[in-house]
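Coordinates in review
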Amino acid sequence: MWRKTSWTGAGTAGLLAALALLSGCFGGGRSPGATVASVTVTPQAGAVRISGRLQFIATARDASGRPVAATFAWAVNPSSLGNISSDGLFVPGPTPGEGQVVCQAGGVTATATVEVVPPIAYVNKDNALCLIMPDGTGRRQVYAPPGTLLSEPDWSHDGTRLAFGASQDNGTTWHIWVVSANGAGASLRQLTSGSAKNACPVWSPDGQKMLFMSNADGGDWDIFVMNADGSSPVNLTSGYNGYDGFPDWSPDGQRIVFMSDRADPKRDLFLMNADGSAPAVFEASAGYDEQPSWSPDGQRILFCSTPGAFPYDLWVKSVDGLAKTNLTSGSPASERAPRWSPDGSQIVYADHSSSPARLYRAASDGSAPQLLADDLSGGDRPAWW
Ligand SMILES: [Ca+2]
Ligand SMILES: [Ca+2]
């Protein structure tokens with residue numbers, strides 16, 4: 001197939017020349033009597049994780065704008081970025097990067113941009129938002145605004161954007177921002193404003209809302225929910241005048257897990273409904289119980305804890321409370337800030353026993369830990385798309 005043909009002139013000009021040569025093969029696919037005047041491809045800009053798939057859809061129209069039947073020829077530029085099937089399904093190659101999906105019908109060509117992204121995001125010691133592959137390769141900075149502190153990135157569910165906390169006044173105020181996963185400055189959006197600290201954004205499973213923690217209401221830390229565009233923030237924990245932080249959603253969006261000092265100054269984990277009702281203890285060891293992450297299958301919650309003594313270990317506990325396991329009991333390191341991979345088979349976390357901190361990936365049972373990066377910001381929590 002032509003889509004698997006590689007060409008050395010990978011630029012758009014070379015690609016269009018190749019398409020022109022091939023137009024005789026594909027130009028006859030339109031329905032009799034209908035002339036293709038325009039072709040559109042959706043999405044116009046797509047992102048896909050290295051192990052993922054992304055469906056592109058093409059529509060051909062005649063001069064009056066009516067859709068017409070056509071045979072579409074697809075290509076990827078550069079071809080090393082991935083393959084695309086005859087029905088527009090893009091499959092990434094082994095290396096992250098950016099390029100174009102090119103679609104032709106009836107001699108008319110349309111393009112869309114596609115980005116193959118490393119799936120793990122973190123903030124490094126120099127306050128740069130970085131992406132890295134699960135095997136530690138492909139590390140690159142996507143956003144590093146001068147004079148700005150960054151923290152706790154979270155992926156949008158389509159993988160095109162990252163939310164994070166940012167301070168432009170050396171930590172006096174913090175706000176939630178969103179940027180394109182390719183770091184394009186034009187995509188920057190500030191979602192919160194004012195004189196408070198806002199941090200730890202987490203998109204809802206349906207992408208419509210965002211949880212975060214803020215001290216905007218009365219000065220104590222609370223869990224807030226807002227629309228994903230930053231509108232209509234609501235305090236879910238106004239009933240407790242103390243620390244409530246690090247929220248995460250259940251995969252069905254119906255419940256929230258968070259950490260709080262409402263019963264223990266060393267903090268415990270609590271569950272509540274998505275509207276903030278019915279908060280109840282989930283994990284309450286005598287030590288610090290912190291930074292919960294809800295498993296993609298909804299059955300378990302991963303967190304860091306010091307039930308006996310420091311350092312922190314990673315623990316996983318079933319949501320029904322019946323089973324609890326220490327994943328890192330054999331390690332002398334201080335493991336914190338864990339989060340799941342999207343399929344739940346692996347975890348990513350921080351080792352705070354060194355400075356700067358270290359970024360690790362392991363199997364979901366804690367086995368086979370692999371060092372991915374040794375430049376993690378000390379307070380940061382990585383995210384895996
Ligand atoms: Ca509170
Ligand atoms: Ca505790």
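Remember, predicted model here, so these are calculated numbers, not experimental data.

Here we look at the overall build of the protein
Assigned secondary structure in the protein consists of 1 helix and 33 strands. Relative to a compact globule of 385 residues, whose C-alpha radius of gyration would be 21 Å, the protein shows 24 Å and is just as compact. The dimensions of the protein, computed from C-alpha atoms along their principal axes, are 75 × 45 × 45 Å. Counting all 385 residues of the protein, 42% fall into the buried class. Pairs at least 24 apart in sequence give 43% of the contacts found in the protein among residues at least 6 apart.

Remarks on the domain arrangement of the protein
Looking at the assigned domains, one finds that the protein contains domain 1 (2-116) and domain 2 (118-384). Computed over C-alpha atoms, the centres of domain 1 and domain 2 are 38 Å apart. Facing the 7 residues of domain 1 at the interface are 9 residues of domain 2.

Thoughts on the sheet that holds strand 32 (residues 370-376)
Spatially, the 4 strands line up as an open sheet ordered 29-30-31-32, and their pairing is antiparallel. Here the strands that pair on one side only, and so sit at the sheet edges, are strand 29 (335-340) and strand 32. Taking the axes of each pair of neighbouring strands and ignoring which way they run, one obtains an average angle of 25° across the sheet.

Observations concerning the sheet that holds strand 2 (residues 45-49)
Backbone-to-backbone hydrogen bonds pair the strands of a sheet. The strands run either parallel or antiparallel. With respect to topology, 4 strands assemble into an open sheet ordered 2-9-8-5, the strand pairing being mixed. Of all strands in the sheet, those with a lone pairing partner are strand 2 and strand 5 (73-77), marking the two edges. Strand-to-strand twist of the sheet, defined as the mean angle between neighbouring strand axes without regard to direction, takes the value 25°. Where strand 8 (residues 97-105) and strand 9 (residues 108-117) come together, 9 bridges link them in antiparallel fashion. Along strand 9, the bridge assignment pairs Q100 with T113.

A closer look at unusual backbone geometry
Residue P43 follows T42 across a cis peptide bond; omega there is -5°. By secondary structure assignment, the location of P43 is in the loop between strand 1 (38-42) and strand 2. With an omega dihedral of 0°, the bond running from N77 to P78 counts as a cis peptide bond. For P78, the position within the fold is in the loop between strand 5 and strand 6 (82-84). Residues other than glycine seldom take positive phi values, yet E152 does so here, at roughly 45°. The class for E152 is buried, based on 27 C-beta atoms found within 10 Å.

Comments concerning the environment of A166
You can see A166 is positioned in strand 14 (residues 161-167). Note on A166: 23 C-beta atoms within 10 Å, which makes it buried. Ignoring sequence-local partners within four residues, the contact set of A166 consists of T148, L149, L150, W174, H175 and W177.

Considerations on the nonpolar core
Among the nonpolar cores identified, the biggest contains 100 residues, and V101, C103 and L162 are the most heavily contacted of them. Counting the residues that make up this core, at least three belong to each of domain 1 (2-116) and domain 2 (118-384). Among all residues touching V101, those that are not within four sequence positions of it are V41, F56, W74, V76, I84, F90, T111, A112 and V114.

Brief notes about the pairing of strand 8
On a regular strand, one side chain projects to one face of the sheet and the next to the other, so that they alternate. Inspection of the sheet shows strand 5 paired to strand 8 by 5 bridges, in the antiparallel sense. By the bridge assignment for strand 8, N77 is matched with Q100. Counting the residues in the hairpin turn of strand 8 and strand 9 gives 2 residues, including G106, whose phi is positive at 55°.

Some details on the pairing of strand 11 (residues 129-132)
Neither face of strand 11 is exposed, since L129 and L131 on one face and C130 and I132 on the opposite face are all buried. By the bridge criterion, 4 bridges tie strand 10 (residues 120-123) to strand 11 in an arrangement that is antiparallel. Bridged to Y122 within strand 11 is C130. The turn linking strand 10 back onto strand 11 is made up of 5 residues, and N127 within it adopts a positive phi angle of 60°. Sheet topology note: the strand 11/strand 12 (residues 140-143) ladder contains 3 bridges and is antiparallel. Considered in strand 12, the bridge of L129 is made with Y143.

About the criteria used
Residues numbered from 1 in each chain as written. Chains lettered and ligands numbered in written order. Predicted model: local features only at pLDDT ≥ 70, side-chain atom pairs only at ≥ 80, totals over all residues. Helix = DSSP H or I, 4+ residues; strand = E, 2+ residues; numbered from the N terminus. Rg over C-alpha atoms; globule rule 2.2 N^0.38 Å. Buried ≥ 20, exposed ≤ 12 C-beta atoms within 10 Å, placed from the backbone. Contact = placed C-beta atoms within 7 Å. Domains from an automatic or database assignment. Pairing = 2+ DSSP bridges. Axes fitted to C-alpha atoms, helices over the stretch in contact; angles between N-to-C directions. Core = buried A, V, L, I, M, F, W, Y, C linked by C-beta atoms within 7 Å.

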